[in-house]
Amino acid sequence: MTEEVTEIRRAVHRVVRHGVAGLAGAGTGAAAQFLLVVVVTRAFDAATAGRFFALTTGCLLLAGIARLDAGNGLLYFLARATDTRKGEIWSYVIAAAVPVTLISVAVSLITMLGGDALLGATNWDNQSANGIIHHETDSGISPPPGRTGTGEGVGAALRVLAAAFPAIVLAEVAVAATRGLGSMRPTVLLGGVAQPAGQLALVAAVAAWWHAGGAPPDGPVLPWLAAAWALPYLPVLAAAAVWLGRRAPWEPYRLGTARAFWRHAAPRSLGSAVQHVFQRLDVVIVAALAGPVEAAVYTAATRVKVLGQLAGQGLAQAAQPTLVRALATGDLAVARAVYRRTTNVLVLLTWPAWLGYAAFAPVLLGVFGDGYAAGADVAVVLAATMMFAAACGMADVALVAAGRTAASLAGILAATTVTVAVDLALVPAWGAFGAALGWSAGVVVKNALPLAQIWRGYGLRPFGANLAAGQSRSMPQLWSRWARIARRAASAGPRAIASRSSRCSATSTSRSSYTRRSRTSPSRVSAASEE
């Protein structure tokens, strides 16, 4: 029994170590995204900022649909591959990449040809604001002398994003495939650091260049901002492809791989598409129904939710391969221990931040410019909802890891239906605050449904009976670990975090040889509960 308990603890500790690396990258990415919003809202008027946020959000929404959840499908199959099946790696990559590439190219061409007709049906020219802010709350930023304004060029910006759309779609798929081979380093360095930091640097450079008069007279700024935001996806895609090529030697495609891959991924593809709609549709709805000014305020007030989402994403990326293996072999003790520990860590990391954000929202939102502090009521709704989501843990991730993709799809469809219904009812009258209430209702449904299913079906619970004792032990250890990482980063620069990620990956590889028992016994379940 001692050896079995040790194996469970090793699995949990490995996930936590990988989670630290994932959180380091997620924290860097969240900070970069937050600063990008600050740069745009401070450098340009609220209408221009709202158009930029709506365009990029719509692009990410379509990209999430076009990916067909191929990244998670690759992670699932590559994590399950044994040494005797390593030759199937490129077969799975090809099976996933070909349909995604064709769809993304088709969407790009359709957008380039029909984008102007789509823009004509929206509210892009509406400068008014329903609900929480009005004309006088504009940021006060005026264009440089000799320019007519910043709000032009929506069609040109849309075509720029359409040209980069295939790279935006494929970059995340390639990075997800690297996680399937057991390494968090590309995810941390490429998706967590290089891409958001590159976007921030290029957008800030465009803002400074435009205000200095470097652009042609009367030229619109939105196409330049769109190009700066989209460009970093190209090197991320190239670097991930090179990493895969070095890690997995080329093998010819094996017939039948695509059928097996999409038989598993098809239900989740629809679920992933609906989930991306759920995550990003609110900004688009606000821009269409309440105008770009209201969309800018809503984006600013809810941008902080990226911190909580990326914290959960960093833990999920580390835990998902372990959950897949544990549930595939029936090792419920490991699955329960991993799920409980990651939930505790997520609560300890995010709840203090959400409480502080709700309390100091008017002051914090003032960073974005004059008038944005009026979105404090949106921030309170956001904070309460994210605390509830953190307490539920990675419920949907665990449900998908168990192979219940159809159940996950049903839950996401229900959540999206609730969100859209509440948004359509409240946004025209209440603007950004109505959108916040709609998003909150959807989040509650999205987390409660999968939590009930994994609780009943597998005994996975976010908290154990010894929650208070476990958190009192975990808090000092957790913050002590983060303090050590911060000191290394301050003394050695970015190489410290990269080195930490590399060591985590090497430790995971050296310990991945142990095998699982076919089913868990009551004694192992008890031991996992103590963990």
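The following paragraphs examine the structure supplied in this document. All values derive from a computational prediction rather than experimental measurement.

### Focus on the nonpolar core
Counting 130 residues, the largest nonpolar core has Trp-229, Phe-261 and Tyr-298 as the members making the most contacts within it. Sort the elements by how many residues they give to this core and helix α5 (residues 154-180) lands first, with 14 residues. Each residue touching Phe-261, except ones within four places of it in the same chain, is listed here: Ala-70, Gly-73, Leu-74, Phe-77, Tyr-92, Ala-95 and Ala-96.

### Quick look at the packing of helix α12 (residues 332-359) against helix α14 (residues 376-392)
With their axes 8 Å apart at the nearest point, α12 and α14 run at an angle of 170 degrees to one another. The angle between α12 and α14 places the two elements in the roughly antiparallel class. In terms of crossing hand, the pair formed by α12 and α14 is left-handed. Here Tyr-339, Thr-343, Leu-346, Val-347, Thr-350, Trp-351, Trp-354, Leu-355, Tyr-357 and Ala-358 of α12 lie close against α14, whose contacting residues are Ala-379, Val-380, Leu-382, Ala-383, Met-386, Met-387, Ala-390, Ala-391 and Cys-392. Here the residues of the contact of α12 with α14 sort into 17 nonpolar, two polar and no charged.

### Some remarks on a nonpolar patch on the surface
Taken together, the side chains of Val-105, Leu-109, Met-112 and Leu-113 define a hydrophobic patch exposed on the protein surface, amounting to about 400 Å² of accessible area. Residue classification places Met-112 among the partly exposed residues on the basis of a relative accessible area of 33%.

### Here's the deal with the packing of α5 against helix α7 (residues 222-230)
Close contact between α5 and α7 brings their axes to 8 Å; oriented N to C, the two are set at 10 degrees. With respect to each other, α5 and α7 are oriented roughly parallel. Read as a crossing pair, α5 and α7 show a hand that is right-handed. On α7, the residues that touch Val-154, Ala-156, Ala-157, Val-160, Leu-161, Ala-164 and Ile-168 of α5 are Leu-222, Pro-223, Ala-226, Ala-227, Trp-229 and Ala-230.

### Notes on the environment of Gly-366
Mapped onto the fold, Gly-366 is located in the loop between α13 (361-365) and α14. With 10 residues separating them in the primary sequence, Gly-366 and Ala-376 have C-alpha atoms 9.9 Å apart. With near-sequence residues (within four places) excluded, Gly-366 lies in contact with Arg-42 and Ala-373.

### Comments concerning the packing of aromatic side chains
The final tally for this structure, using the stated rule, is 12 aromatic pairs. Taking the centre distance of 5.6 Å and the plane angle of 50 degrees together, the rings of Trp-90 and Trp-250 count as tilted. You can see Trp-90 sitting in helix α4 (residues 89-120) and its partner Trp-250 sitting in the loop between α8 (233-247) and α9 (257-290), a full 160 residues away along the chain. Both rings, one in Phe-261 and one in Trp-262, keep their centres 4.9 Å apart while their planes meet at 85 degrees; by these two values the pair is edge-to-face. Judged by relative accessible area, Phe-261 falls into the buried class, the value being 0%.

The rules behind each value
Residues numbered from 1 in each chain as written. Predicted model: local features only at pLDDT ≥ 70, side-chain atom pairs only at ≥ 80, totals over all residues. Heavy atoms only, no water. Core = buried A, V, L, I, M, F, W, Y, C linked by side-chain atoms within 4.5 Å. Buried < 20%, exposed > 50% of the residue type's maximum accessible area, 1.4 Å probe, protein only. Helix = DSSP H or I, 4+ residues; strand = E, 2+ residues; numbered from the N terminus. Contact = heavy atoms within 4.5 Å. Axes fitted to C-alpha atoms, helices over the stretch in contact; angles between N-to-C directions. Parallel < 35°, antiparallel > 145°, perpendicular 65-115°, else oblique. Left-handed = near helix turned anticlockwise from the far one by under 90°. Nonpolar A, V, L, I, M, F, W, Y, C, P; charged D, E, K, R; others polar. Patch = residues over 30% accessible without salt bridge, like charges linked within 9 Å, V, L, I, M, F, W, Y side chains within 5 Å. Areas by Shrake-Rupley, 256 points an atom, 1.4 Å probe, with all protein chains shown as cover. Salt bridge = Lys/Arg side-chain N within 4 Å of Asp/Glu carboxyl O. Phe/Tyr/Trp six-rings, centres within 6.5 Å; stacked < 30°, edge-to-face > 60°.

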